[in-house]
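Descriptive analysis of the structure
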Amino acid sequence: MSSRHKMERDSIFVIGILLLSSFATISAADYMKYKDPKLPMKHRIKDLMSRMTLEEKIGQMTQIERSVASNDVMKKHFIGSVLSGGGSVPAKEASPETWVDMVNDFQKGALATRLGIPMIYGIDAVHGHNNVYKATIFPHNVGLGATRDPALVKKIGAATALEVRATGIPYAFAPCIAVCRDPRWGRCYESYSEDTKLVRAMTEVITGLQGDIPSNSPKGVPYVAGKDKVAACAKHYLGDGGTTKGINENNTVVSVSKLQSIHMPAYLDSIIKGVSTVMISYSSINGVKMHANRDLITGFLKNKLHFRGFVISDWEGIDRITSPPHANYTYSILSGVSAGIDMIMVPNNFKEFIDGLTYLVKNKFIPITRIDDAVYRILRVKFTIGLFENPLADYSMTKYLGSQEHRELAREAVRKSLVLLKNGASADAPLLPLPKKTKRILIAGTHADNLGYQCGGWTITWQGLSGNTNGGTTVLNAIRNTVDKTTKVEYHENPEAQYIKSQKFSYAVVVVGEPPYAETFGDNLNLTIPEPGPSIVNNVCSHVKCVVVLISGRPLVVQPYLNQIDALVAAWLPGSEGQGVADVLFGDYGFTGKLARTWFKTVDQLPMNVGDSHYDPLFPFGFGLTTKPLKNN
Ligand SMILES: *[C@@H]1O[C@H](CO)[C@@H](O)[C@H](O)[C@H]1NC(C)=O
Ligand SMILES: *[C@@H]1O[C@H](CO)[C@@H](O)[C@H](O)[C@H]1NC(C)=O
Ligand SMILES: *[C@@H]1O[C@H](CO)[C@@H](O)[C@H](O)[C@H]1NC(C)=O
């Protein structure tokens, strides 16, 4: 055959193929109803589900960690979701572009499956997009509770959504709506308040993360407004903040009426606001593990409250149904899925999970109707987010990560979160606001120049870090930025008494507190300020007029030092924008924050919450002295 003939023959062949394939496209389009954005969502979900095999359905229920995920794994196992655990990042100091590339790579694996169902990537963005290098770190929730400003918290939700989307991620495991009833719990800072009303008000953050739900939305249906919003997650259902002595993941002993009046109401608000997902608590209620609690998950959350989003487990949450964890994984899968959990944060041994659930369904221990309920809910959230239309992220939103506008918002939140507990010996002799122009001032303390300490746990890593590696302003630098150019600022973390006496400081600012921690590791039965904090306070405050700024995730024992301290400020875990602390110390703004928690005298009073019959606090819930802004300081 001549080459010309060959070309002709080939082109006829190609035309034939083209005709055939366009034909195929048209007829396939007829069948691929679920891909048509013009059709109502429920028809699309129904159509898609009618095409799905059991393997594909179970894949949707499987959430795996990014470290075990890959394009191939997504494709081969029909994985429905990937997450970053605390500190799990594509590379150290990864840029937002690197994040987008990673998420897209997983997504392309999911899209390459037979039905091309997009995966959903989730991450703990609990005070800003906290795992991500150079993200804006907002104050932890305990500080936001002190602002008493739900509108501000909504703006923080919106800013967080933009930063999360900047990295190509559409789903945040936030907010934590725990009502922490005992500050000995290491996660207490993730709770807005011990007071249910205040936590309820702060569910406004959901409308920031997801957008304002339209008033005609049917009850319980999840809502996400668009590409600049993310799916939210109300957690941890239920009673996480009520465990005995604040022991993490422990047992919440509670009557039905207290459970309903203290721990449940913020879930009602979240559902009304269209929250997309609910995460189950590791803890138990009256001895029943929440991950196996069918009455509260299926009976109450789904059937009674009409929650229509999906229920997700916590990390290895079903494993911990048994003691020791993972003692009988088949039993764990059976009881977790039967209780009504839709997506399992496996997150590592996904083959074991997939095999176990497949066995349980094939042998009719779990009815297919339960699987269909789970998959329907997961797909509904994916369609709601618009993942079928826009599965892949681009770099257009990377500019939002750590943007100046978001840092200003965080700084405002810091200002409003500060609670002034003491200000001078009496109201007639206040120490604050401090003068900007004076000869020489001393800044001291373990937390004065440490962004990692300022940010607390769930920052860059799960348990948090020490040091100034992530962008932001320490309290020390904030003070340097704020005082008059002629004021000499001396910084010594732990200065000698002799030195302090010799220097004739006008005043000192001592910044001490807790080191960073997160769950379990942060549980603490004594709640003392760790050394050398108390020694520094003692040393400095006995020689010079001092303001102590306490950086902590909860009230600590301060009564023994109160007489010595001239002014005391609870700054909670303010995050990256320490400038907000100096803004208020020096009177550019007044103190307005009010305690969102009761400040106890001694730990043996705990648990002690507002409204208790034996209420004898050092500073009551709602306490907070105020100052007026100073002009021309
Ligand atoms: C609660 O903590 C105690 C003490 O550590 C432990 O013995 C018990 O098993 C825990 N209970 C639950 C439900 O985790
Ligand atoms: C594990 O749980 C399954 C399901 O409840 C049960 O049938 C089995 O006997 C258990 N295995 C062990 C070793 O306890
Ligand atoms: C207080 O408890 C923490 C956490 O258990 C512990 O690390 C610390 O040593 C304790 N401090 C004192 C003074 O007992």
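The structure we're discussing is the one just above.
What counts, and at which threshold
- Residues numbered from 1 in each chain as written.
- Chains lettered and ligands numbered in written order.
- Predicted model: local features only at pLDDT ≥ 70, side-chain atom pairs only at ≥ 80, totals over all residues.
- Heavy atoms only, no water.
- Near = heavy atom within 4 Å.
- Polar contact = N/O pair within 3.5 Å; in protein donor to acceptor, adjacent residues only side chain to side chain.
- Areas by Shrake-Rupley, 256 points an atom, 1.4 Å probe, with all protein chains shown as cover.
- Nonpolar A, V, L, I, M, F, W, Y, C, P; charged D, E, K, R; others polar.
- Buried < 20%, exposed > 50% of the residue type's maximum accessible area, 1.4 Å probe, protein only.
- Helix = DSSP H or I, 4+ residues; strand = E, 2+ residues; numbered from the N terminus.
- Pairing = 2+ DSSP bridges.
- Right-handed = clockwise from strand over helix to strand, strands pointing away.

1. Re the site of ligand 3
Around ligand 3, the surrounding shell consists of Asp523, Asn524, Asn526 and Thr528. Within the side chain of Asn526, a nitrogen or oxygen atom sits 2.3 Å from an oxygen atom of ligand 3. In isolation ligand 3 exposes 360 Å². Once the protein is present, 31% of that is buried. Its residues placed into classes, the shell around ligand 3 shows no nonpolar, three polar and one charged.

2. Considering the pairing of strand E13 (residues 440-444)
Burial analysis of E13 places four of its five residues in the buried class, the great majority of the element. Here E13 runs beside strand E14 (residues 488-492); their pairing, made up of five bridges, is parallel. Residue pairing for E14: Arg440 is matched across the bridge by Lys488. Examined bridge by bridge, E13 and strand E15 (residues 507-513) share four bridges and lie parallel to one another. When the sheet's bridge partners are listed, Ile443 is paired in E15 with Val509.

3. A few points about the pairing of strand E16 (residues 546-551)
With six of its six residues buried, E16 lies for the most part within the structure. Residues Cys546, Val548 and Leu550 point to one face of E16 and Val547, Val549 and Ile551 to the other, with burial holding for every one of them. Sheet analysis places E15 next to E16, joined by six bridges and oriented parallel. Bridge pairing in E16 links Gly513 to Ile551. With helix H20 (residues 533-541) bridging E15 and the parallel E16, this β-α-β connection has right-handed handedness. Where E16 meets strand E17 (residues 567-570), four bridges bridge the pair, whose relative direction is parallel. Looking across to E17, one finds that Val547 is bridged to Ala567.

That's the geometry; what it means functionally is another story.
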